[in-house]
Amino acid sequence: MMDKTQFTAAVLDAEPTLYRVAKAMLGNEHDCADAAQQAILRAWERLETLKKPKYFKTWLTRILINECSAMLRLRRRLAPYEAAAAEAIPTPAADDYSDLHTALLSLDTKYRLPVVLYYLEGFKTREIAGMLGVPEGTVKTRLRVAREQLRKNLERACFA
């Protein structure tokens with residue numbers, strides 16, 4: 001069992017990953033911070049359920065994914081009431097993002113999240129499968145489809 005100091009150190013080590021995963025799922029900076037804080041709180045409250053401390057980062061990332069999914073469900077339920085507010089937010093200029101970042105954001109979350117976890121965070125497909133609650137073959141398929149979509153989007157951006 002981890003003590004408070006070990007927990008804090010492990011959270012600080014996982015913080016960049018938490019941010020990138022939340023950003024990939026939610027997009028909104030404020031929501032990313034909320035989801036990460038809620039995930040850390042839940043992890044602390046359920047620390048006794050962590051079987052092996054060496055998998056803390058994977059375990060915490062799974063908790064974060066659950067938090068982000070809950071926020072997205074809530075967002076969908078509230079979406080009709082927030083339409084006017086969403087229109088009031090200015091859309092960033094195309095120059096504000098790199099072509100790769102734009103192409104990544106254009107992916108559906110079910111493809112974007114495995115890409116972020118695998119290529120940016122370095123998780124293995126087996127670990128990602130556990131985090132997402134899908135078979136490893138599904139993760140591999142989603143990575144392949146995402147690569148194909150990214151290639152097409154980037155080719156379009158480069159030759160447009």
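Just above sits the structure.
To start, this report covers the structure provided alongside it. (Residues numbered from 1 in each chain as written. Predicted model: local features only at pLDDT ≥ 70, side-chain atom pairs only at ≥ 80, totals over all residues. Heavy atoms only, no water.)

**Some remarks on the environment of methionine 25**
So, point 1. One can find methionine 25 in helix α1 (residues 4-26).
So, point 2. Spatially, the C-alpha atoms of methionine 25 and serine 69 are 8.0 Å apart, while their sequence positions differ by 44 residues.
So, point 3. Excluding residues within four positions of it along the chain, methionine 25 makes contact with Ile65, Cys68, Ser69, Leu72, Thr109, Arg112 and Leu113. (Helix = DSSP H or I, 4+ residues; strand = E, 2+ residues; numbered from the N terminus. Contact = heavy atoms within 4.5 Å.)

**Structural notes on α1**
Because the α-helix completes a turn every 3.6 residues, residues three or four places apart line up on one side.
So, point 1. Helix length check: α1 (23 residues) gives 29 Å between terminal C-alpha atoms against 33 Å at 1.5 Å per residue, more than 12% under.
So, point 2. The largest bend along α1 reaches roughly 45° and is located at alanine 14, with the proline proline 16 sitting one to four residues downstream.
So, point 3. At the N-terminal boundary of α1, the capping side chain belongs to aspartate 3, with an oxygen 3.2 Å from the backbone nitrogen of threonine 5.
So, point 4. Positive phi appears at glycine 27, one or two residues downstream of α1, with a value of about 80°. (Expected span 1.5 Å × (residues − 1). Bend = angle between axes of the 7 residues up to and from the residue. Polar contact = N/O pair within 3.5 Å; in protein donor to acceptor, adjacent residues only side chain to side chain.)

**Brief notes about the environment of leucine 143**
So, point 1. Among the secondary structure elements, leucine 143 is positioned in helix α7 (residues 136-158).
So, point 2. Between the C-alpha atoms of leucine 143 and tyrosine 119, which are 24 residues apart in sequence, the distance is 9.6 Å.
So, point 3. When neighbours within four sequence positions are excluded, leucine 143 is seen to be in contact with Pro114, Val115, Tyr118, Tyr119 and Thr125.

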